[in-house]
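Per-entry structural report
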Amino acid sequence: MNPALSIVFFTTSSGAGFALMMLVGLGVPLGLLPANPWFGVTAMVIAGVLAVSGLVSSTVHLGHPERAWRAFSQWRSSWLSREGVLAVLSFVPAAIFAFSWLIFGKIWGFAGLCGIVAAAGSVATIYCTGMIYASLKPIRQWHNFWVVPNYLALGLMSGFLLLDLVERFWVPWPTVTAILTAIAIVVAWWFKEEYWGFIDTSAAPSTIASATALGRRGAVRILERPHTEDNYLLKEMGFSIARKHATRLRLIARLAAFAAPVVLTLIALVWAGNAGVVAAFIAVISAGLGLVVERWLFFAEARHSVTLYYGADAV
Amino acid sequence: MMWRERWRDYWSPRETIDPSPRVSDEVKYTTCYMCACRCGIKVHLKDGGVRYIEGNPRHPVNKGVICGKGAAGIMQQASPAKLKKPLMRVGERGSGEFREIEWDEAMATAIGWLKPIRETDPKKLAFFTGRDQSQSLTGFWATQFGTPNFAAHGGFCSVNMAAAGMYTLGGSFWEFGEPDWERTKLFLMFGVAEDHDSNPIKTALSAMRARGAKFVTVNPVRTGYSAIADEWVGIRPGTDGLFVLSLIHELLRADKIDLEYLVRYTNAAWLVIQAPGEARDGLFARNADGHPLVLSGAGGVADAMGAGVQAKVVGETTLPDGRRAVPVFQLIAERYLDPAYDPDTVAATCGITAETIRRLAAEIADVAFSQEIEIAQPWTDWAGRRHETMRGRPVSIHAMRGISAHSNGFHTCRALHLLQILIGTIDVPGGWRYKSPHPKPCPPGPKPAGRPSQISPGKPAGGPPLGYPMGPEDLILDEAGGPARIDKAFSWDAPLANHGLMQMLIRNCWAHDPYPIDTLFMYMANMAWNSSMNTTETIRMLTDKDPATGEYKIPRIIYSDAYYSEMVGYADLILPDTTYLERWDCISLLDRPIGGVDGPGDSIRQPILVPDRDVRPFQDVLIELGVQLGLPAFLNAEGGPRFPAGYKDYIALHERAPGVGPLAGWRGETETDAGRGAPNPNQLDRYVANGCFWKYELPPEQLYFKHANKDYLETAQKMGFIGNSDPIILQLYLEPLQRFRLAAQGHGDVVPPPEASKRIETYFDPLPIWYEPFEWARVDQSQFPLHAITQRPMQMYHSWHSQNAWLRQILGSNRLFMARSTGRALGLADDDWVSISSHAGSIRGQIKLMDGVNPNTVWTWNGIGKRSGAWNLSEDAPEFTKGFLLNHLITDLLPGGDLANGDPVTGQAAWYDLRVRVEKVAAAEAGTTAPTFATMRHPPRSERLPEVLRYGARR
Amino acid sequence: MTDLPAPVPGQKKLGLVIDLDICVGCHACASACKEWNSGGHMAPLTDFEPYGGEPSGVWFNRIHSFEEGDGDGARTVHFPRSCLHCDEPACVTVCPTGASYKRAEDGIVLVNQDICIGCKLCSWACPYGAREFDEDVGVMKKCTLCIDRIYNETLAEEERLPACVMVCPTKARHFGDLGDPNSAVSEMVARRGGKDLMPELGYRPVNKYLPPRRDRMAPLAPVALPQEAEGGNRLLRWIDKVLSR
Ligand SMILES: Nc1nc2c(c(=O)[nH]1)N[C@H]1C(S)=C(S)[C@@H](COP(=O)(O)OP(=O)(O)OC[C@H]3O[C@@H](n4cnc5c(=O)[nH]c(N)nc54)[C@H](O)[C@@H]3O)O[C@H]1N2
Ligand SMILES: Nc1nc2c(c(=O)[nH]1)N[C@H]1C(S)=C(S)[C@@H](COP(=O)(O)OP(=O)(O)OC[C@H]3O[C@@H](n4cnc5c(=O)[nH]c(N)nc54)[C@H](O)[C@@H]3O)O[C@H]1N2
Ligand code: SF4
Ligand code: SF4
Ligand code: SF4
Ligand code: SF4
Ligand code: SF4
Ligand SMILES: [Mo]
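Worth saying up front: this structure is predicted, and the values here are computed from it rather than measured. (Residues numbered from 1 in each chain as written. Chains lettered and ligands numbered in written order. Predicted model: local features only at pLDDT ≥ 70, side-chain atom pairs only at ≥ 80, totals over all residues. Heavy atoms only, no water.)

Description of the overall build of chain A
Along the backbone of chain A there are 10 helices and 1 strand. Here the C-alpha radius of gyration of chain A, 21 Å, is about what a compact globule of 315 residues would show, namely 20 Å. Principal-axis analysis of the C-alpha atoms gives chain A an extent of 75 × 45 × 30 Å. In chain A, which comprises 315 residues, the share counted as buried stands at 57%. When contacts within chain A are restricted to residue pairs at least 6 apart in sequence, long-range pairs at least 24 apart make up 78% of them. As displayed, chain A has an accessible area near 12,100 Å², and 75% of this comes from carbon and sulfur atoms. Across chain A, the centroid of the 21 positively charged side chains sits 5 Å from that of the 14 negatively charged ones. (Helix = DSSP H or I, 4+ residues; strand = E, 2+ residues; numbered from the N terminus. Rg over C-alpha atoms; globule rule 2.2 N^0.38 Å. Buried < 20%, exposed > 50% of the residue type's maximum accessible area, 1.4 Å probe, protein only. Contact = heavy atoms within 4.5 Å. Areas by Shrake-Rupley, 256 points an atom, 1.4 Å probe, with all protein chains shown as cover. Lys, Arg positive; Asp, Glu negative; His and termini not counted. Charge placed at Lys NZ, Arg CZ, Asp CG, Glu CD.)

Comments concerning the overall build of chain B
Looking only at helices and strands, one finds 26 helices and 36 strands in chain B. Over its C-alpha trace chain B gives a radius of gyration of 28 Å, about what one expects of a compact globule, namely 30 Å for 955 residues. Taken over 955 residues, chain B has a buried fraction of 69%. Considering only residue pairs separated by 6 or more positions, chain B has 70% of its internal contacts joining residues 24 or more positions apart. When the accessible area of chain B is evaluated, it comes to approximately 29,000 Å², of which 52% is carbon and sulfur surface. Each charge class in chain B was averaged separately, 101 positive and 109 negative side chains, and the resulting centres sit 4 Å apart.

Re the interface of chain B and chain C
Taken together, the contact pairs 113 residues of chain B with 90 residues of chain C. For the pair chain B and chain C, the summed buried surface comes to about 8,500 Å²; carbon and sulfur atoms form 55% of the total. Summed over the shared surface of chain B and chain C, the number is 5 salt bridges. We note a salt bridge from Lys42 of chain B to Glu159 of chain C, for which the minimum N-O separation is 2.8 Å. Along the contact surface separating chain B from chain C lie 46 residue pairs in polar contact (both at pLDDT 80 or more). Ranked by the residues each element gives to the side of chain B that touches chain C, the list is headed by helix 12 (residues 354–370) of chain B, at 7 residues. Classifying every residue of the side of chain B that touches chain C by side-chain character gives 55 nonpolar, 24 polar and 34 charged. As defined by bridge partners, strand 36 (residues 948–949) of chain B adjoins strand 2 (residues 47–48) of chain C across 2 bridges and the pair is classed as antiparallel. Within strand 2 of chain C, the position partnered with Val948 of chain B by the bridge is Phe48 of chain C. (Buried area = accessible area lost by both parts, 1.4 Å probe. Salt bridge = Lys/Arg side-chain N within 4 Å of Asp/Glu carboxyl O. Polar contact = N/O pair within 3.5 Å; in protein donor to acceptor, adjacent residues only side chain to side chain. Nonpolar A, V, L, I, M, F, W, Y, C, P; charged D, E, K, R; others polar. Pairing = 2+ DSSP bridges.)

A short note on helix 20 (residues 710–719) of chain B
Residue and element names in this part refer to chain B. Listing the buried residues of helix 20 in full gives Tyr712, Leu713, Thr715, Ala716 and Met719. Taken down its axis, helix 20 places every buried residue within 160° of arc, on the same side. Between a side-chain oxygen at the N-terminus of helix 20 and the backbone nitrogen of Asp711 the separation is 3.2 Å; the capping residue is Asn709. The first or second residue beyond helix 20 is Gly720, which carries a positive phi of 90°. (Arc of directions from axis to C-beta.)

Here's the deal with the environment of Glu671 of chain B
Residue and element names in this part refer to chain B. On the secondary structure map, Glu671 appears in the loop between helix 18 (647–653) and helix 19 (683–689). Through-space distance from the C-alpha of Glu671 to that of Leu625 is 31 Å; in sequence the pair is 46 residues apart. Within the local environment of Glu671, its side chain forms a polar contact with the side chain of Asn680, the two groups lying 3.3 Å apart.

Side note on a nonpolar patch on the surface
Residues and elements named next belong to chain A. Together, Trp38, Val92, Ile96, Phe99, Leu102, Ile103, Phe104, Trp108, Phe110, Leu113 and Val117 give the surface a local cluster of nonpolar side chains, amounting to about 1,100 Å² of exposed area. Listing elements by their share of the nonpolar patch, those giving two or more residues are helix 3 (79–104) and helix 4 (109–134). Its location among the elements puts Leu113 in helix 4. (Patch = residues over 30% accessible without salt bridge, like charges linked within 9 Å, V, L, I, M, F, W, Y side chains within 5 Å.)

Here we look at the confidence of the model for chain B
Detailed reading of the predicted model is not advised wherever pLDDT is low. Per-residue pLDDT for chain B averages 96, and the proportion of residues at 70 or more is 100%. Across the interfaces of the predicted complex, the ipTM metric reaches 0.96, alongside a pTM of 0.97. (pLDDT = per-residue confidence, 0-100.)

Notes on the interface of chain A and chain B
Across the boundary between the two partners, chain A contributes 14 residues, which contact 20 residues of chain B. Carbon and sulfur atoms make up 51% of the surface buried where chain A meets chain B, a total of about 1,300 Å² over both sides. When the area that chain A buries against chain B is broken down by residue, the three leading residues are Arg221, Leu223 and Thr228 of chain A, summing to 37%. Linking chain A with chain B are 2 salt bridges. The salt bridge partner of Lys882 of chain B is Glu229 of chain A, with a shortest N-O separation of 2.8 Å.

Some thoughts on the sheet that holds strand 2 (residues 40–46) of chain B
Residues and elements named next belong to chain B. Read from one edge of the open sheet, 3 strands run 1-2-3, paired in antiparallel fashion. The outermost strands of the open sheet, each flanked by one partner alone, are strand 1 (26–31) and strand 3 (49–55). On average, adjacent strands in this sheet sit at an angle of 30° to one another, irrespective of strand direction. Direction of pairing for strand 1 relative to strand 2: antiparallel, over a ladder of 6 bridges. Directly across from Tyr29, in strand 2, lies its bridge partner Lys42. (Axes fitted to C-alpha atoms, helices over the stretch in contact; angles between N-to-C directions.)

Quick word on the nonpolar core
If you look at the biggest cluster of nonpolar residues, it comprises 335 residues, and the most contacted ones within it are Trp141, Phe243, Phe329 and Val918 of chain B. Those residues in contact with Trp141 of chain B that lie beyond four places of it in its chain are Leu114, Leu125, Phe127, Phe521, Leu622, Leu625, Gly626, Leu629, Leu631 and Phe634 of chain B. (Core = buried A, V, L, I, M, F, W, Y, C linked by side-chain atoms within 4.5 Å.)

Quick look at the packing of helix 3 (residues 103–120) of chain B against helix 4 (residues 135–145) of chain B
Residue and element names in this part refer to chain B. Between helix 3 and helix 4, the least distance of the axes is 10 Å, while the angle of their chain directions is 55°. Put simply, helix 3 runs oblique to helix 4. Within the contact between the two elements, helix 3 uses Leu114, Ile117 and Arg118 and helix 4 uses Trp141, Gln144 and Phe145. Split by residue class, the contact of helix 3 with helix 4 holds 4 nonpolar, 1 polar and 1 charged. (Parallel < 35°, antiparallel > 145°, perpendicular 65-115°, else oblique.)

Section: the site of ligand 6
Every residue lining ligand 6 is accounted for by Cys95, Pro96, Thr97, Ala99, Ser100, Cys116, Ile117, Gly118, Cys119, Lys120, Cys122 and Met140 of chain C. Partitioned by chemical class, the residues of the shell around ligand 6 number 8 nonpolar, 3 polar and 1 charged. (Near = heavy atom within 4 Å.)

Some remarks on the sheet that holds strand 5 (residues 98–100) of chain B
As a general point, the strands of a sheet are linked pairwise by backbone hydrogen bonds and lie either parallel or antiparallel. Residues and elements named next belong to chain B. Taken together, the 7 strands give an open sheet; going across it, the order is 5-4-26-25-24-6-7, and neighbouring strands pair in mixed fashion. On the outer flanks of this sheet lie strand 5 and strand 7 (150–151), each paired with one strand and no other. Relative to strand 25 (residues 556–560), strand 24 (residues 519–523) is paired through 5 bridges, and the arrangement is parallel. Following the sheet pairing, Phe521 is matched in strand 25 by Ile558. Where helix 3 meets the sheet, its contacts fall on strand 4 (87–89), strand 5, strand 6 (125–129), strand 24, strand 25 and strand 26 (573–574), and the angle it forms with strand 25 comes to roughly 130°.

With respect to the side chain of His406 of chain B
Mapped onto the fold, His406 of chain B is located in the loop between helix 13 (401–404) and helix 14 (409–422). A polar contact of 3.4 Å, which involves the side chain of His406 of chain B, links it to the backbone oxygen of Tyr912 of chain B.

Focus on the environment of Gly109 of chain A
Mapped onto the elements of the fold, Gly109 of chain A is located in helix 4. When the C-alpha atoms of Gly109 of chain A and Pro29 of chain A are compared, they prove to be 8.3 Å apart, with 80 residues separating the residues in sequence.

Remarks on the packing of helix 5 (residues 147–167) of chain A against helix 9 (residues 243–270) of chain A
A pair of packed helices is characterised by two quantities: the angle between their axes and the separation of those axes. Residue and element names in this part refer to chain A. Taken N-terminus to C-terminus, the directions of helix 5 and helix 9 make an angle of 35°; their axes are 12 Å apart at the nearest point. Regarding helix 5 and helix 9, the two cross each other, and that crossing is left-handed. For the pair helix 5 and helix 9, the contacting residues are Leu154, Met157, Leu161 and Asp164 in the first and Ala257, Phe258, Pro261 and Thr265 in the second. (Left-handed = near helix turned anticlockwise from the far one by under 90°.)

Some words on the confidence of the model for chain A
The pLDDT averaged across chain A works out to 94; a share of 100% of its residues lies at or above 70. Per-element averaging of pLDDT across chain A places helix 2 (residues 37–60) of chain A at the bottom with 90 and helix 7 (residues 208–212) of chain A at the top with 98.

Digging into the pattern of salt bridges
Residues and elements named next belong to chain B. As enumerated under the stated definition, the model contains 100 salt bridges over all chains in all. Arg358 is the salt-bridge partner of Asp344, the closest N and O atoms lying 2.8 Å from each other. Of the two residues, Asp344 is situated in helix 11 (residues 343–350) and Arg358 in helix 12; the sequence distance between them amounts to 14 residues. In this structure, Glu363 and Arg359 form a salt bridge, with 3.0 Å as the shortest nitrogen-oxygen distance. Of this pair, Glu363 and Arg359 both sit in helix 12, 4 residues apart, which is roughly one turn of that helix.

Side note on the packing of aromatic side chains
For the coordinates displayed, the defined rule picks out 75 aromatic pairs over all chains. Seen from their ring centres, Trp146 of chain A and Trp190 of chain A are 5.9 Å apart, and the 75° between their planes marks the pair as edge-to-face. Of this pair, Trp146 of chain A sits in the loop between helix 4 and helix 5 while Trp190 of chain A sits in helix 6 (residues 175–201), and the two are 44 residues apart along the sequence. Classification of Trp146 of chain A as buried rests on a relative accessible area of 15%. The partly exposed category is assigned to Trp190 of chain A, whose relative accessible area is 46%. Ring plane angle 70° and centroid distance 5.1 Å describe the contact between Trp181 of chain B and Phe187 of chain B, whose orientation is recorded as edge-to-face. Judged on exposure class, the residue Trp181 of chain B and its partner Phe187 of chain B are both buried. Among the aromatic side chains, those forming a connected cluster through ring pairs are Tyr133, Trp142, Tyr151, Tyr195, Phe298 and Phe299 of chain A together with Trp124 of chain C. (Phe/Tyr/Trp six-rings, centres within 6.5 Å; stacked < 30°, edge-to-face > 60°.)

Here's what the structure looks like:
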């Protein structure tokens, strides 16, 4: 699949944003995080900006952005619609939560409830994002068990990384967060490895033979494409990436998205103060870049069944 | 409930669909011309433009269907390459630098060039036409002008099929006959990719398959029609003749021959004089009134023409004059029973196993002789004898350019006809049938005119330029016995060049051989590109100047095209034509009509759109030139124009022979005469009212055995198709060829020059022979191990459709296809860039490997690569950057340069004799095609090419 | 509404049956489709760089070609590809706006151009590449099964067929109700062993493809030509034959 940058960016940033929103919305009412409103505002603003800019960038590739609002209508069948609805819905309690915190200087019952609701909405939103891809049968690399857990885990991980960084400006030594962050990264890494392992080994459900209902006489090969130049289908879904190129990018993703952040988080765990802040900051940047690469690969390595009509043997 | 609906409709309102939109404001009928198949079309017009073009369900040719090209006619009309106004060249030839001029200036210029020629030396005008469907006008015009130098595209197209067919059967595979699609049980197709009968063949093939008839395709490539065949015989190009003669060998060996048919309808029993070295050797033994003789069952000889005469097919007699004579069949049997034609002997050469050849022969024999069919339909033969039923052997054959485009094509096509006739399958149920107005006498009457004695200044020529020589005395030679035509047709180079030799035109005009011409006038032929052999060389000749005078070697070129083709770029004066939707046209029985096996027919085109440009129908322009030049046939008694409304009037009023004109329908005062009848001024209205075609349905008793069917022959004579109603006798043994051969042996007063006699003697064999295509012998085959051929893409017509926004998306560039095994051996993979080299040079293109191709053969789609700047495409068009043209490698002369690269009998261009070598190119060269030429400037006032095309967008 | 219409017993399912046995790959159906629809319900079928370097455009029907098998037993197969009007069309259910929908009355899958936001998700969800995005208009387009022909009262009865079916010179395309087991198309599918494309994905296409027939490779009736007696003059066998003209 063609890795359109708008979508790559949208999924990573909104994932991180909603995850952070989830952590704050949940952590503060439960007293696991500092009650300082400025911490809350900073965290929630960062979360909001990431989530919103993600959503906005996702409308960039629409043919009719001005009609985007219609996308809220089909929540009964469409995961894309559900994602939109839930995203918007989670902003409401999140906003109440953040403002009341700012206004009253503390989290009280209802606001806390809003926080928890927002948290729930956020998780659900990320879940929907995952399901948009997981529900697409023509793409084996997407239509599998591992996609949704990956989205959740990677979101959670990026949320924790952000939290770990922000929290340090109020709490010199956020041990629990740091430890949880490290764990989240390791868990996400594991899910990603499982995912890669799966797409590398799982059998292709569709073949050039099943796509053409041929094969009785033996192997089926493409002779001529319908048109000599590429069309929309090929530009959008014909994108494919060389094995070795992919392996190289996977390595970069491994290092930037997981290895480096884990190490840096552990460094930040032992060194309090500025050193910790710096380490956590680099961890966030590194993970951010790493996840963009990971997400780019998520598209680039996905092979659509339509390519079977253009020469692919199996997808 | 209610609110839910509202709520839903607010977010995602239901679509309202109009299931019954009015398709068009008006529907007009005409004839398609996106190719030469002549399908009837219904053109839907809306808001002044074309909304939709579909097939005319009532039309005899296509019965409602149309093809990929026909359905893209809208985009032809929308093409930015349409010429807008007459053009006068201002830059060098090929630069594309033109000045727009008014029609008055254009006509004045043309007249200024043509008039002096006609008044001094008419042959200095060479008038040649390409895809011309109005040859009955253009040929007539040439005759009126007085030049012998006229022909259309047949010489490079399929004259081998036409000549072999017309001399043997009085019909031909090419246009003038077709298999009995409804009844045939075994159909063999030789070398056909698309053909002129595009839609009828497709429709028939699928019906045949559904019926369970067997379809065998003999073709080095398994695409298109061949893809749906039951059996693919991947023959080696150029070897069909040998393969077919081997089939004949098997059939003779097993005595699976229809002797009854042979004696009744062919010259198989005619006695041939056996007197080696004598002037009459190999001619038919004739009686006093010139009738051929047969060996009578009663003993002695008898008049072959006698009804019911008892004849022997094998035996020998001594004629009164003491000469030996044997029946034709005996010569055939002796020759083809020779072990040289044994399947085991020919297998390797043909690339077909001996088992396959034997099995196919057995299948043919089985279907022909054990699966005869009989129709309960009485008929009367030429001698007035009534037959209760029509019996036939359901084996049929069709063949086209895979056979004809070789230097052995004439004899190979003859071999196919011999096979058809030996098993008695000509115009019988289940066999191969004539399309009216055929059969004609074999060959038809008119002989070519154009000898110096028939050409004189200011006068029409002594007769039509093209025809059918019966012997050396009919050749068109100058006083010295050399060629008298600029293309050397009907000379010793190509005695039976019935369609002329357009492929030699530009070389000879350039070389001033046999003489210089003054003006080259061409119509609808892209001779600067895809219809020329050796295109690079041809371009050089078109632009070559005489160093002394600085004049072009070909002084003047007038050209009529409708679009900005490569050829336009090389002409001096351009007469812009209309598109096929903007003019009157006539698909005439005098040319290549739409007649079918069930009866004659013809059709017209009517103007459907008014040109939005300053262009004129070429035929109108030609007639106007005729008037201004004072050509008698175009003037009335008062010296004014005889056809004031131009071609429209000519179609309805012109008479070729008394009562015979361009159109056969609705003739005579009563508008009821068919074929022959007084001109009818309302004729065109009648055609328009009938969907622009006329079809005459023959009664059932005339549908078969047309060559010997009394009622049919009388009908045909009445309609003016044939001069008399004598039976048409199929010519297994071609006496005219023997006459040329005798001349080569020095007999008679018209004899070939010494250097030609060997060739004439060898190739003018009165019975089919096979020989290696000439190019093979003249190149080092180890250097050029592969055969290279082209195929017609079904969705593209030659050069026409690269300007078509829809069709060029389907095929914007071409690949060289090669067998996977061969590719592997050469270390080639899909998409590799390769150089393709022949003795003439190298071109570059991209490769695609496949299974369905003979391993010694490579092929590509024809005419896709284009000259940069032509057709008003932008410079980065894939047609220019990736597409390639095989023609650069195919030479008009054989290696050595002494002989034309064509058939020695007809002169037909031998496109498919090409031998090549294929090599992977260095990375540096990969990525672009070669050769490329300087970009041709787009003509004046060409609008900017649209980035986006929104045809049909509701405004 | 993008959730699918509840299937009713005997549901009408209009669709195409395509005969791979006789398709010669002429592209007539492709350009006829382009031509009809260029003025039809989904007009225009925009083209990009029509006379330029990378010409491309919106087509609802495209003709591929394949080779099946190796060597002599192999054959070339031309393969027309258009929307299959699936029974379980995820292209419909994924649509966030309801622009993509399946008609309850005949099962035709359509796009409502007035509300499509051009998110392209449906084209990802279609395994068969039957959805064509019009960059210029910014909406998704697709085969309408010629909705503006098949019910068109301004057309003669026999012309109320999809353009691609009308035009096909080999009659390799058939239109009808595949929901009705007794319809001509259903019977043809049964008789010829019509197949689904990518059944494993569970879209349950309505359109069916008829596989190539088995060739009549073996002689119709195996016959061996009689061997004539060895040696001797082969012409003698005809020497006494006398036939009448
Ligand atoms: N769509 C379309 N239709 C056309 C045309 C077009 O350009 N486009 N052109 C029209 C014209 S002008 C003509 S003349 C006709 C020609 O109609 P065709 O005769 O069908 O033309 P070709 O494409 O030359 O087909 C030649 C076929 O013979 C095969 N072949 C080549 N060499 C040999 C050989 O030695 N033996 C055998 N058995 N086969 C061989 C090739 O593989 C190819 O399939 O088509 C007409 N119809
Ligand atoms: N390599 C290779 N070369 C071949 C062949 C092959 O098989 N292989 N086939 C050969 C054969 S059989 C043939 S017949 C020739 C065909 O080749 P040509 O005879 O050159 O025919 P086209 O290229 O089809 O068209 C000639 C010109 O007609 C113009 N034209 C189209 N419509 C109109 C109109 O309405 N009015 C006017 N005035 N002009 C119009 C086109 O723009 C084009 O420039 O090609 C030959 N060349
Ligand atoms: S075959 Fe196609 S292009 Fe040729 S006349 Fe018929 S419809 Fe027109
Ligand atoms: S029109 Fe018919 S034969 Fe031609 S490509 Fe389409 S389905 Fe095949
Ligand atoms: S073929 Fe594709 S577009 Fe058509 S209904 Fe099926 S899934 Fe949808
Ligand atoms: S592109 Fe249009 S039809 Fe397709 S899913 Fe998006 S909104 Fe629906
Ligand atoms: S049914 Fe109509 S829209 Fe669909 S492919 Fe055929 S012609 Fe095109
Ligand atoms: Mo031709």
